[in-house]
Every structure is written in C-alpha cells, then in structure tokens.
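# Examination of the molecular architecture
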Amino acid sequence: MSGRTVYIIPEEELVRRVQEKDKLAFEYLYDRYSKAIYGVVFRIVRSEEVASEVLNDAFLRYWERSEKYDSSKGKLYTWMVNIARNLAIDKTRSKEFSQSGKTDSVESFVYAEAALPMEEMKVDGIGVRELLSKLKPDQAEIVDLMYFQGYTQSEIEEKFNIPLGTVKTRLRAGMILLRKLLNVDK
Amino acid sequence: MTSKEFIESGILELYVLGTLSAPEKAEVERMCAEHPEVKAELEAVEHAMELMDQELGIAPPVPVKQKLFDALPESTLVGKGKQIHLQPASETKNNWMMAASVTVALLSFIAALFYFQKYNSVSGEYEALVSQNSMMAQELNQVKNSHDQNEQMLALATDENTKRIQLNATKEGSNLQLFVYWNTTSEEVYLDLGNLGTPGDQQDYQLWAIVEGKPIDMGVIDFTNSNSLVKMKNIKGAVAFAITLEPKGGLESPTLENMVVLGQITT
C-alpha cells in the first residue's frame, strides 16, 4: 500500500477486474485516482473531514456499482469524478453543511481560495488561484464556480443572473486556456 | 447546428462535468456517434480534465484508504467467519459466585492437565496433517497438469486442421498402436504414446516423417514426462510417419529393419 505506483493496467482491463470485484485492481484504482478525486471534492466541500467522508462514499459506490459504468459514454475517470462531484454537492446542500456554507455570491468567489489550506495552494507548483488569475475575470469566475466549486449552469443562471449561453461559452474559453496553461492537450 | 458550432457552444464541457439534463446528454451522445470530430473533441476535453485534476490533486489523508478497504464487502467466494455473541453476565448473589468460582478454578486446573496431555498428542497429529496436506497439494498439482494436458489434447484433436494418423505395428506378433496428431496449419506434431513401452537404457524410440520420399528426423521420444502425449518437432508436407528403435540419442537416418510402427496419411 505504499511507494510510487506505476500505472500500467490498461483502462479496459482495470474496469473488467473491478467489475469482477478484484480487490487488488480496486486498490490500484484508488492509488491512481484518489488524489485527483479528493482534490475535486475538497475544493467543493472545503473540509478535510467532509472530503474524506465523500471520498470514502464515492469509492464504495465505484465498488458496488462498477457494472453501471458504460465505456461508450466516456472515460472511466469522467464517470468516477462525476459520482464524487455529485456526492460532494449533495453534502454542501445537506442540513449539517449549511452552517459552514458554500460561497453564494459573485464577490466571495475570489476570496474563497484564501480559505484553503497551504498544501492546496501549491501542488506541483501550481495552485488553483494562480491558474485562475491567468484567465479573464469573467472566464475565471465561471470556471471557478463550475469546475472547482461544483455549481451547475442553471444555479449560476439563477444566482448570478448570467445567461446559459454565456455560461457555456465562458466555461469553454476558460477551459481551453487552462488546457494550454497546464499543457495537457494530447 | 454544425459540429463545429456544437463543439464551440461549450456543451461538451458541461457533459464532462455531468451537469446536463438527460435529453441534452442524449444529444451529445448522438452527435458523438455521428461526427467523429465531436467524439474526438469530447475525448480531448475528458483527457484534459482528467490531467488537470491529477495536476491539481490533493493527497487524501492516509487513514481514509485503510478505512475504505476495511469496509469493502468481502467477495462471496470468501467464507464468512462465525460470529460469537457474548451474553452479558446475569446478576447473582456474591457468595454463590464465590463458591462457583472456586469450583471453576479447580475444574480449570484439572482441565488444564487434561488438555496439556491432549495438546501433546494433538501436535503430533497436526504434523501428520501438515505433511498429508502437502502431499495432497502435490497430487492436486499432478491432477491439474494432467487436466491441462487433456484440454490441450482435446483442443488439438478437435481442431479442423488436425490430422489423426494411426501408426500400426510393422512386425508380426506385435500389437503396438500409436497415434500422431499433426496440425497442418501450425505444423505442430504430437505423439500419443498409446501402448508403447519405454525402450532399454541403451536405446531410444525415434519418430520420422516421410517428406518427398525422404525420412526426416522428428526427434527421439522423451519418456521422462509421464504424459502420454509428447510434443515432437514441427513438420510440413509429410506423407507418412514411422518410429524406429535406435541407439541412445537417435540417428541421422533411420535403421529401417528396426522400424516398429508405420502410418500413412490418407488424403
């Protein structure tokens, strides 16, 4: 359970083995994706305790419902992160969470990052806030709300009064720029 | 809407973020199926988001993993241990408890002596069981091997490109009978030893294939595996197979008077 894992199992085989309830394959899945997914979840729920809980629930769900994954509809990671993101969003909407509250005004989003712990600010030299600062403010706002905080397009339309079409195009423009900045295009 | 407009609308990003309604999702899936460029862009978006998330990932607290794996339901193949429920002790009067505990202590002492003796004999039995177990494991291994062989044999025998050639005794009074399995596509040759016994220490049985009128060495027969099916050299274009009894290690060309079986290939 330690050391740097070399990720060599092809996705198809990994999916099949997890569907067959192969615990070793599942451990590999955890080692490979838990960091990315925990990051996504943490940025939404803003609490180590809640994020750990959501991560745990998400992985239990991958274990129990792996047969629901349909590779024709997208990559394994997309399926996984969407489950985790939805669980995280459900948490932020639940009663217990409403006290600590997620940001609900345009003004607060720019300060939200300050609430994150140090290690989140610089991961491999790149922090979310630093990245967002490279985008145009209106793109950064939408990317932050949707990609990092888990808002839906209709929530943004309602709460911030930004038309749906604008939300979509700003998100795309922002994401394209991020892809370039992080140099992740194939 | 053209596929370019579709891509630029930003709907693919929403699809990957999982925030689309069911009809919108279906629309994206339809467009992907119809337009390879849409599918390619969707894959690029997915790929980019995955790498971004990896890049911006945060290592979860270490205990999360242990807790998760402890909580995973066991596979149905693994038997579940019996659960022992402890009954809470019922309340009783102290003096009765005292008498009972003295009795229990005495009984325990006697029981301890008894079990000590018992332990000595059981540990001997245990050793015996361990060695028995390892013997059974060996036997199981042998059974597995022979099972694998049978499967291999079956696969070979049922392959439509496999020819089964019967080799019959060439000497009077001998009832030797063997079979050669020859896959004309893969050119593999297996020999089913049938009722062929091991030759003497100084000799070997050697298989020959007749190709264009000439005998070709197919190797000496290895009896060291107890298998009845022996893999020989590959061959193509054979018209007959024969076995001769030769000096240890075999010869370059067969000694015809020492031929024991011969089988022609019927076409």
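Residues numbered from 1 in each chain as written. Chains lettered and ligands numbered in written order. Predicted model: local features only at pLDDT ≥ 70, side-chain atom pairs only at ≥ 80, totals over all residues.

### Some thoughts on the overall build of chain B
Across its full length, chain B carries six helices and eight strands. Counting helices and strands in the order they occur from the N terminus, chain B gives α-α-α-α-α-α-β-β-β-β-β-β-β-β. Residues classed as buried in chain B amount to 19% of the 267 residues present. In chain B, once contacts between residues fewer than 6 apart in sequence are set aside, the share between residues at least 24 apart is 56%. (Helix = DSSP H or I, 4+ residues; strand = E, 2+ residues; numbered from the N terminus. Buried ≥ 20, exposed ≤ 12 C-beta atoms within 10 Å, placed from the backbone. Contact = placed C-beta atoms within 7 Å.)

### Focus on the sheet that holds strand E4 (residues 203–211) of chain B
Residue and element names in this part refer to chain B. Spatial ordering of the open sheet is given by E5-E4-E7-E8-E1-E2-E3-E6, a layout of eight strands whose pairing is antiparallel. Every interior strand has two partners, whereas the edge strands, strand E5 (214–220) and strand E6 (229–232), have only one. Along the sheet, successive strands turn relative to each other by an average axial angle of 25°, direction set aside. Here E4 runs beside strand E7 (residues 238–247); their pairing, made up of nine bridges, is antiparallel. Pairing of Asp 204 across the sheet is with Glu 246, part of E7. (Pairing = 2+ DSSP bridges. Axes fitted to C-alpha atoms, helices over the stretch in contact; angles between N-to-C directions.)

### Examining the nonpolar core
Ranked by size, the top nonpolar core spans 34 residues in total, and within it Ile142(A), Val143(A), Met146(A), Leu12(B) and Tyr15(B) carry the most contacts. Every element with two or more residues in this core is listed here: helix H8 (128–132), helix H9 (137–148) and helix H11 (164–182) of chain A together with helix H2 (11–17), helix H3 (22–34) and helix H4 (36–55) of chain B. Here this core takes seven residues from H9(A), the largest share from any one element. (Core = buried A, V, L, I, M, F, W, Y, C linked by C-beta atoms within 7 Å.)

### So, the interface of chain A and chain B
If you look at the interface, chain A gives 49 residues, while chain B gives 35 residues. Every element with two or more residues in the side of chain A that touches chain B is listed here: helix H2 (23–45), helix H3 (48–64), helix H4 (76–93), helix H7 (118–121), H9 and H11 of chain A. When residues in the side of chain A that touches chain B are grouped by element, the largest group, ten residues, is from H2(A). Here the side of chain A that touches chain B is composed, by residue class, of 22 nonpolar, eleven polar and 16 charged. (Nonpolar A, V, L, I, M, F, W, Y, C, P; charged D, E, K, R; others polar.)

### Re the packing of H3(A) against helix H5 (residues 63–71) of chain B
Close contact between H3(A) and H5(B) brings their axes to 10 Å; oriented N to C, the two are set at 35°. When the axes of H3(A) and H5(B) are compared, the crossing they make is right-handed. Residues Ser52(A), Leu55(A), Asn56(A), Phe59(A) and Leu60(A) of H3(A) form the contact with H5(B), whose participating residues are Val64(B), Lys67(B), Leu68(B) and Ala71(B). Split by residue class, the contact of H3(A) with H5(B) holds six nonpolar, two polar and one charged. (Left-handed = near helix turned anticlockwise from the far one by under 90°.)

### Some points on the environment of Ile216(B)
Residue and element names in this part refer to chain B. Here Ile 216 lies in strand E5. Judged by local crowding, Ile 216 falls into the partly exposed class, with 17 C-beta atoms found within 10 Å. Separated by 17 residues in sequence, Ile 216 and Lys 233 place their C-alpha atoms 10.0 Å apart.

### Quick look at H11(A)
The terminal C-alpha atoms of H11(A) lie 27 Å apart, and with 19 residues this matches the ideal 27 Å at 1.5 Å per residue to within 8%. Taken as a whole, H11(A) has its buried residues at Val167(A), Lys168(A), Arg170(A), Leu171(A), Arg172(A), Gly174(A), Met175(A) and Leu178(A). Buried residues belonging to H11(A) abut H8, H9 and helix H10 (153–160) of chain A together with helix H1 (3–8), H2 and H4 of chain B. Two residues or fewer after H11(A) comes Asn183(A), characterised by a positive phi angle close to 55°. (Expected span 1.5 Å × (residues − 1).)

### Quick word on H4(A)
One turn of an α-helix holds 3.6 residues; hence residues three or four places apart share an orientation. For H4(A), which comprises 18 residues, the first-to-last C-alpha distance of 26 Å matches the rise-based estimate of 26 Å (1.5 Å per residue) to within 8%. For H4(A), the tally of buried residues reaches 13 of 18 residues, placing the bulk of the element in the interior.

### Some details on the pairing of strand E1 (residues 162–169) of chain B
Residues and elements named next belong to chain B. Relative to strand E2 (residues 177–183), E1 is paired through seven bridges, and the arrangement is antiparallel. When the bridges of E2 are listed, Lys 163 appears paired with Trp 182. Pairing of E1 with strand E8 (residues 259–264) involves two bridges; the strand directions are antiparallel. By the bridge assignment for E8, Ala 169 is matched with Val 261.

### Some details on the confidence of the model for chain A
All names here are of chain A. Here chain A shows a mean pLDDT of 80. Residues at 70 or above account for 77%. Under a pLDDT of 50 for its full length, residues 1–5 has, in the predicted model, four contacts with residues more than four places off or in other chains. Note on residues 100–125: pLDDT under 50 across the span, and 26 contacts to partners over four residues away in sequence or across chains. (pLDDT = per-residue confidence, 0-100.)

### A short note on the packing of H9(A) against H11(A)
Residues and elements named next belong to chain A. Where H9 meets H11, the axes come as close as 8 Å, and the angle between the chain directions of the two elements is 90°. The angle between the axes of H9 and H11 places the two elements in the roughly perpendicular class. Where H9 approaches H11, its residues Asp 138, Gln 139, Ala 140, Ile 142, Val 143 and Met 146 are matched on the opposing element by Val 167, Arg 170, Leu 171, Ala 173, Gly 174, Met 175, Leu 177 and Leu 178. Each residue belonging to the contact of H9 with H11 can be placed in one class, and the counts come to ten nonpolar, two polar and two charged. (Parallel < 35°, antiparallel > 145°, perpendicular 65-115°, else oblique.)

### Description of unusual backbone geometry
All names here are of chain A. The phi torsion at Lys 21 lies on the positive side, around 60°, for a residue other than glycine. One can find Lys 21 in the loop between helix H1 (11–19) and H2. The partly exposed category is assigned to Lys 21, around which 17 C-beta atoms lie within 10 Å. We note that Asn 161 has phi near 60°; this positive angle belongs to a residue other than glycine. For Asn 161, a count of 8 C-beta atoms within 10 Å corresponds to the exposed category.

### Thoughts on the environment of Pro215(B)
All names here are of chain B. When you line up the elements, Pro 215 lands in strand E5. Remark: the alpha-carbon pair of Pro 215 and Phe 241, spanning 26 residues in sequence, is separated by 8.7 Å. The contact partners of Pro 215, leaving out residues within four places of it in the chain, are Trp 208, Ile 210, Ser 253 and Pro 254.

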